[in-house]
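# Architecture and fold: a report
Chain residues, written in single-letter form:
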Amino acid sequence: MGLALVHGRARAGVRAPAVKVEVHLGGGLPSMSIVGLPEAAVREAKDRVRAAIQCAQFEFPARRITVNLAPADLPKGGGRFDLPIALGILAASGQLPQDALREYEFIGELGLTGELRPVDGVLPAALAAAQAGRRLVVAEGNGAEAALAAGLEAYTARTLLEVCALLTGRKPLPAAVAPPHQPADGPDLRDVRGQAQARRALEIAAAGGHHLLLVGPPGCGKTLLASRLPGLLPEADEAAALETAAIASVSGRGLDPTRWRTRPFRAPHHTASAVALAGGGSEPRPGEISLAHNGVLFLDELPEWDRRALEVLREPLESGVVTISRAARQSEFPARFQLVAAMNPCPCGWAGDASGRCRCHGEAIARYRARISGPLLDRIDLHVEVPRLPPAELRPDAPEGESSAVVRTRVTAAHARQQARGGRLNAHLSQAQTMADCRLAARDQALLERAVEALRLSARAMHRILRVARTVADLDSSDAIATAHLTEALGYRQADHGAGQQAA
Ligand SMILES: [Zn+2]
């Protein structure tokens, strides 16, 4: 007696490393010290734990209490250790049986009256507890999230007293229940009139995981199109969906446990900072690019963005991961998003429009376009112009477009072809895989080389064209890349270039 051990979990990026909460009661003047928590957090935790124990009609031991949270080098902010600390004190002072604690992990903040409060980052903790083969007790408000972890026995409690009743065998706790999953009900492609070329580009983007740039005047429907992309993608598999849900869980914005399988669509404003995009903070939290993991990141008004903010996209666009360094600590967050960017063709927005209303100088247009960094533009596979629609196509009786469900069927088939061939989407093929899987006939190879020369494209851009051509062929259920597939892929590189030349 005098010593107790309780299992908790820290929040570190999207991981939830195990933390052992050791409580020791010793002789000497009554006091309480917590080792391994930051100073401010210690003060608050002491007050809450003491009040909660007394409110639950237990005795707060009048001894020297030492609480140690091990290992020492993990981030341990927030109140998530209140519950394990309180249970440790009760067990060390003989008010709870020690043995009962062994099978469980506990996460939750205590209110002064002993109620158990939800904390963030419960999903990663639940997944880790399932792996460790222990049961998990959380606050009622965290139950739905904990229940998403397959194979986990998770229970919810409203108060410290209820947890104690479980451990003394007086009253079991209710099992955590996952809420029914809401089917995705995002906007449908059916609502987009006309825009055949942009719709086609959107389908290719969905089919191969390619990044997309939409160039067109204000009000032509760029946002409308971009917001339809998640609905064209097949539902993410469970592992991928859980990864995305875990990011939302630790983001501090909360996870909706009824929509965890829905692919995210994030559309931050162009005033967003580098930290808002990439993530950060003293205990790093994910940014927009990670919240868009396995879904879509939409950046409207691309030239209005701060270049330094956009700079953070570079690494994740290649690797699917973002690394955040803060003083002593490094956090990695997954960030495999599909980028859809949109911009006007010129400062006034009307360059190339049939009305001829654009009066922008060639120089002004060049300056406007130069605001976007070349390397970023280079990483966007598909560039497409979205013209203003003639009024006839906007009439209410104009024919509806194909629905998202119909397009998704073709996209899903194309995904299956890619998975069977290379085990990944075409956009994520390595250079070696691109060489192997995107072979061209000699005549087409010559065509590609001439185009690369004429457009002054980089080797990186050439590989991207090949991957897009591969996707066009996959949508066509074709094993070989034919000339038509290649020329269509080349067309998505020339679009923006052509507009630029035309404007100049
Ligand atoms: Zn203009």
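These figures come from a predicted structure and were not determined experimentally.

### So, the coordination of the zinc ion
The protein atoms that coordinate the zinc ion are Cys346 (SG), Cys348 (SG), Cys358 (SG) and Cys360 (SG), at distances of 2.1 to 2.4 Å. Here the zinc ion is ringed by four donor atoms whose angles at the metal span 106 to 112°, and the overall shape comes out tetrahedral. The sequence pattern formed by the donor residues of the zinc ion is C-x1-C-x9-C-x1-C. Here Cys348, found in the loop between strand S17 (338-343) and helix H14 (362-370), pairs with Cys358, found in the loop between S17 and H14; they are ten residues apart in sequence, far enough to count as distant.

### Comments concerning the pattern of salt bridges
Inspection of the entire model under this criterion finds 38 salt bridges. Linking Glu488 and Arg200 is a salt bridge whose minimum nitrogen-to-oxygen distance equals 2.7 Å. In this pair, Glu488 is assigned in helix H21 (residues 483-503) and Arg200 in helix H6 (residues 196-208), connecting sequence segments 288 residues apart. A relative accessible area of 23% places Glu488 in the partly exposed class. Residue Arg493 pairs with Asp378 through a salt bridge whose shortest N-O separation is 4.0 Å. Of the two residues, Arg493 is situated in helix H21 and Asp378 in helix H15 (residues 374-378); the sequence distance between them amounts to 115 residues. You'll find Arg493 and Asp378 in the same group, each marked buried. One network of salt bridges, in which partners are shared, links Glu318, Asp378, Arg379, Asp381, Arg460, Arg464 and Arg493.

### Re the side chain of Arg48
Inspection of the secondary structure assignment puts Arg48 in helix H1 (residues 39-55). In terms of polar contacts, Arg48 uses its side chain to reach the side chain of Asp82, at 2.5 Å. Other than its neighbours up to four places away in sequence, Arg48 contacts Gly79, Asp82, Glu109, Leu110, Gly111 and Leu112.

### Some points on the domain arrangement of the protein
Annotation of the protein at the domain level lists domain 1 (3-167) and domain 2 (189-503). Computed over C-alpha atoms, the centres of domain 1 and domain 2 are 44 Å apart. In this assembly, 18 residues from domain 1 lie in contact with 19 residues from domain 2. With both sides pooled, the region where domain 1 packs onto domain 2 buries about 1400 Å², and carbon together with sulfur makes up 62% of that total. Interface area lost by domain 1 to domain 2 is led by Arg11, Val14 and Leu148, which between them contribute 39%. Counting the contacts that link domain 1 with domain 2 gives two salt bridges. A salt bridge links Asp120 to Arg285, with the nearest nitrogen and oxygen atoms 2.6 Å apart. When residues of the side of domain 1 that touches domain 2 are traced back to their parent elements, those giving at least two are helix H3 (122-132) and helix H4 (143-146). No other element matches the four residues that H3 contributes to the side of domain 1 that touches domain 2. For the side of domain 1 that touches domain 2, the residue count by class is ten nonpolar, three polar and five charged.

### Regarding the packing of helix H2 (residues 82-92) against helix H5 (residues 160-167)
It is at 11 Å that the axes of H2 and H5 come closest, and there the two elements cross at 50°. When the interaxial angle is binned, H2 and H5 end up oblique. Every pair of crossing elements has a handedness; the one defined by H2 and H5 is right-handed. Of the residues in H5, those touching H2 at Leu83, Ala86, Leu87 and Leu90 are Leu160, Val163, Cys164 and Leu167. Its residues assigned to classes, the contact of H2 with H5 shows eight nonpolar, no polar and no charged.

Conventions used here
Residues numbered from 1 in each chain as written. Predicted model: local features only at pLDDT ≥ 70, side-chain atom pairs only at ≥ 80, totals over all residues. Heavy atoms only, no water. Donors = N, O, S within 2.8 Å, 3.2 Å for Na, K, Ca; no water. Tetrahedral: all angles 85-135°; square planar, octahedral: opposite > 155°, others 65-115°. Helix = DSSP H or I, 4+ residues; strand = E, 2+ residues; numbered from the N terminus. Salt bridge = Lys/Arg side-chain N within 4 Å of Asp/Glu carboxyl O. Buried < 20%, exposed > 50% of the residue type's maximum accessible area, 1.4 Å probe, protein only. Polar contact = N/O pair within 3.5 Å; in protein donor to acceptor, adjacent residues only side chain to side chain. Contact = heavy atoms within 4.5 Å. Domains from an automatic or database assignment. Buried area = accessible area lost by both parts, 1.4 Å probe. Nonpolar A, V, L, I, M, F, W, Y, C, P; charged D, E, K, R; others polar. Axes fitted to C-alpha atoms, helices over the stretch in contact; angles between N-to-C directions. Parallel < 35°, antiparallel > 145°, perpendicular 65-115°, else oblique. Left-handed = near helix turned anticlockwise from the far one by under 90°.

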